[in-house]
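Geometric and topological summary
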Amino acid sequence: MSSTNSFKIQYLRPWMRESGAAATASNSGLKGVVAGGTTGGIEVCITFPTEYVKTQLQLDEKGGSKRYTGIVDCVKKTVSSHGVLGLYRGLSVLIYGSIPKSAVRFGAFETLKSRSLDEKGNLSPTARVYCGLGAGVCEAIFAVTPMETIKVKFINDQRSSNPRFQGLFHGVSLIMKEQGFRGLYQGLTATILKQGSNQAIRFLVMETLKDKYRGGDPSKSVPKYIVGAFGAIAGAASVFGNTPIDVVKTRMQGLEASKYSGTMDCFVKTWKNEGPAAFYKGTVPRLSRVCLDVAITFMIYDSFMDIFNKVWP
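Residues numbered from 1 in each chain as written. Predicted model: local features only at pLDDT ≥ 70, side-chain atom pairs only at ≥ 80, totals over all residues. Heavy atoms only, no water.

**As for helix α7 (residues 168-179)**
Side chains of residues three or four places apart in an α-helix project in the same direction, reflecting 3.6 residues per turn. Here is the rule: Segments assigned H or I by DSSP are reported as helices when at least four residues long, segments assigned E as strands when at least two residues long, and all are numbered from the N terminus. In this scheme, a helix's expected span is set at 1.5 Å multiplied by one less than its residue total. We call a residue buried when its accessible area falls under 20% of the maximum for its residue type, exposed when it is over 50%, and partly exposed in between, using a 1.4 Å probe and counting protein chains only. The arc in question is the one traced by the directions running from the helix axis out to the C-beta atoms.
The end-to-end C-alpha distance of α7 is 16 Å, a good match for the 16 Å that twelve residues give at a rise of 1.5 Å each. Taken residue by residue, α7 has Leu168, Gly171, Leu174 and Ile175 as its buried positions. Considered in projection along α7, the buried side chains sweep an arc of 135 degrees and stay on one side of the axis. Set apart from the buried face of α7 by more than 90 degrees, the exposed residues are Phe169 and Lys177.

And the structure:
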């Protein structure tokens, strides 16, 4: 193995340095899939209620369908009508989708990162954006779009007076029957824009903060609580950077998406009918969820990889 390749493998992940031996690329990828999927499942269960409220507020348009005056009102009405478990409507969709989403995201990022390290084992700011963008686009196409479409339709279905979906498989089969495979890929363009910008911002901020903490020395480890703090900052940056795209994506995936001819039409009509403030609906619940999400994801992911490298050579 060349010294360059050996160096890239050595600095591809911090836990490889800490364990004192670099795992093979295939083993590392498989460990990443398992660790990422497990992390995603845990994170979703903790933060889903905020995702539910955010989606409800984004679907709440001015006019006859407007139901909520804010976050607290949405929580109160949901619990009153459906109980506490009503805040977990659509959770199963995200749990089932967490493994492939995490696998694609981290797999794509690690692959692109391994090819973009400089001679010192660091990523340039441009490379950080490129790797994050690539990871986001891949997860949008292969995992996030169908998962998010189903989740939004489930939450949207609960808003109706007579919900039609009796469960995950019943709902998915009904969507497929009525709309075909295309029904699972509504809002693909908006989702690519959202996930691409999401991961570009998050990985740029995360890698930049880690680099600053290490002082440019990739061999220096970063404590887990510091990783969590950096993750929260990266999550907040992505929320303020792409919430308008998230609002458009949500509406393109809802049960009333047929009234829009496309992503741009949705953007124009939302701007015309509700004004620019509509593009930041659900920002507060999304901010709390995403900051917690990203912090938990990076902390638990790194922790699982530490464990796996000790018990899984």
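Picking up after the structure, the text goes on.
**What about a nonpolar patch on the surface?**
In plain terms, the rule: The patches described consist of residues with a relative accessible area above 30% and no salt bridge, like charges being joined within 9 Å and nonpolar side chains (Val, Leu, Ile, Met, Phe, Trp, Tyr) within 5 Å. Using a 1.4 Å probe, the Shrake-Rupley method yields the accessible areas, and only the shown protein chains count as cover for residues. Think of a salt bridge as a Lys or Arg side-chain nitrogen and an Asp or Glu carboxyl oxygen that are within 4 Å of each other.
Nonpolar side chains collect at one region of the surface, where Met264, Phe267, Val268 and Trp271 lie side by side and expose about 420 Å² of accessible area between them. Note that Trp271 resides in helix α10 (residues 263-274). Overall, the relative accessible area of 48% leaves Trp271 in the partly exposed class.

**Some words on the nonpolar core**
Quick note on the threshold: To qualify as a nonpolar core, a set must consist of buried Ala, Val, Leu, Ile, Met, Phe, Trp, Tyr and Cys residues joined through side-chain atoms within 4.5 Å. It only takes one pair of heavy atoms within 4.5 Å for two residues to be counted as in contact.
Core analysis: the largest hydrophobic core is formed by 23 residues, its most contacted members being Phe109, Leu123, Phe203 and Phe298. For this core, the elements supplying multiple residues, two or more each, are α5 (91-114), α6 (125-159), α8 (188-214), α9 (224-253) and α11 (283-311). With six residues, the single largest contributor to this core is α11. Residues within four places of Phe298 in sequence aside, it is in contact with Phe106, Phe203, Met206 and Val227.

**A closer look at the packing of aromatic side chains**
Keep this limit in mind: Paired rings are identified among Phe, Tyr and Trp, the last through its six-membered ring, by centres lying within 6.5 Å, and are further divided according to the angle between planes into stacked (under 30 degrees), edge-to-face (over 60) and tilted (the rest). Charge over a ring is defined by NZ of Lys or CZ of Arg lying within 6 Å of the ring centre and within 35 degrees of the ring normal.
In the structure shown here, the tally under the stated rule is ten aromatic pairs. Geometrically, the ring pair formed by Phe181 and Tyr185 is tilted, given 5.4 Å between the ring centres and 35 degrees between the ring planes. Of the residues examined, Tyr185 reaches a relative accessible area of 25% and is grouped as partly exposed. Aromatic pair Trp271 and Phe279: ring centres 6.1 Å apart, planes at 40 degrees, arrangement tilted. Three or more aromatic residues joined by ring pairs make a cluster, and in this case those are Phe106, Phe109, Phe203 and Phe298. Sitting over the face of the ring of Tyr213, Lys220 holds its NZ or CZ atom 4.9 Å from the ring centroid.

**Side note on the environment of Glu148**
Inspection of the secondary structure puts Glu148 in helix α6. Note: C-alpha distance between Glu148 and Gly90 (58 residues apart in sequence) is 9.6 Å. Non-local contacts of Glu148, meaning those with residues more than four positions away in its chain, are made with Glu51, Leu94, Lys194, Lys249 and Gln253.

**Regarding the confidence of the model for the chain**
Keep this limit in mind: A residue's pLDDT is the confidence the predictor assigns to it, expressed on a 0 to 100 scale.
This prediction gives the chain a mean pLDDT of 80; 87% of its residues lie at or above 70. The weakest mean pLDDT in the chain belongs to helix α2 (residues 14-19) at 43; the strongest belongs to α8 at 91. Segment residues 1-25: pLDDT under 50, and 45 contacts once partners within four positions in sequence are set aside and those in other chains are kept.

**A closer look at the side chain of Glu274**
Operational definition: In protein, a polar contact means a hydrogen-donor-capable atom and an acceptor-capable atom, both N or O and within 3.5 Å, with residues adjacent in sequence counting only if both atoms are side-chain atoms; elsewhere, any N or O pair within 3.5 Å suffices.
Within the secondary structure layout, Glu274 lies in helix α10. We classify Glu274 as buried; its relative accessible area is 12%. A polar contact of 2.6 Å, which involves the side chain of Glu274, links it to the side chain of Arg251.

**With respect to the pattern of salt bridges**
Two side chains bearing opposite charge may form a pair once their charged atoms approach each other closely. Summed over all chains, the structure comprises nine salt bridges. Put simply, Arg251 and Glu274 hold a salt bridge, and the shortest N to O gap is 2.6 Å. Of this pair, Arg251 sits in helix α9 while Glu274 sits in helix α10, placing them 23 residues apart in sequence. No difference in accessibility class separates Arg251 from Glu274, as the two residues are buried. Residues joined in a network through salt bridges with shared partners are Lys54, Lys194 and Asp246.

**Points about helix α4 (residues 71-82)**
End to end, α4 covers 16 Å across twelve residues, agreeing with the expected 16 Å (1.5 Å per residue, within 8%). Every buried residue belonging to α4 is among Asp73, Cys74 and Thr78, and all of these are buried. The arc that holds the buried residues of α4, viewed along the axis, is 125 degrees, so those residues lie on one side. Turned more than 90 degrees from where α4 packs its buried face, Val72, Lys76 and Ser80 sit exposed. Looking one or two places after α4, you find Gly83, whose phi comes out positive at around 80 degrees.

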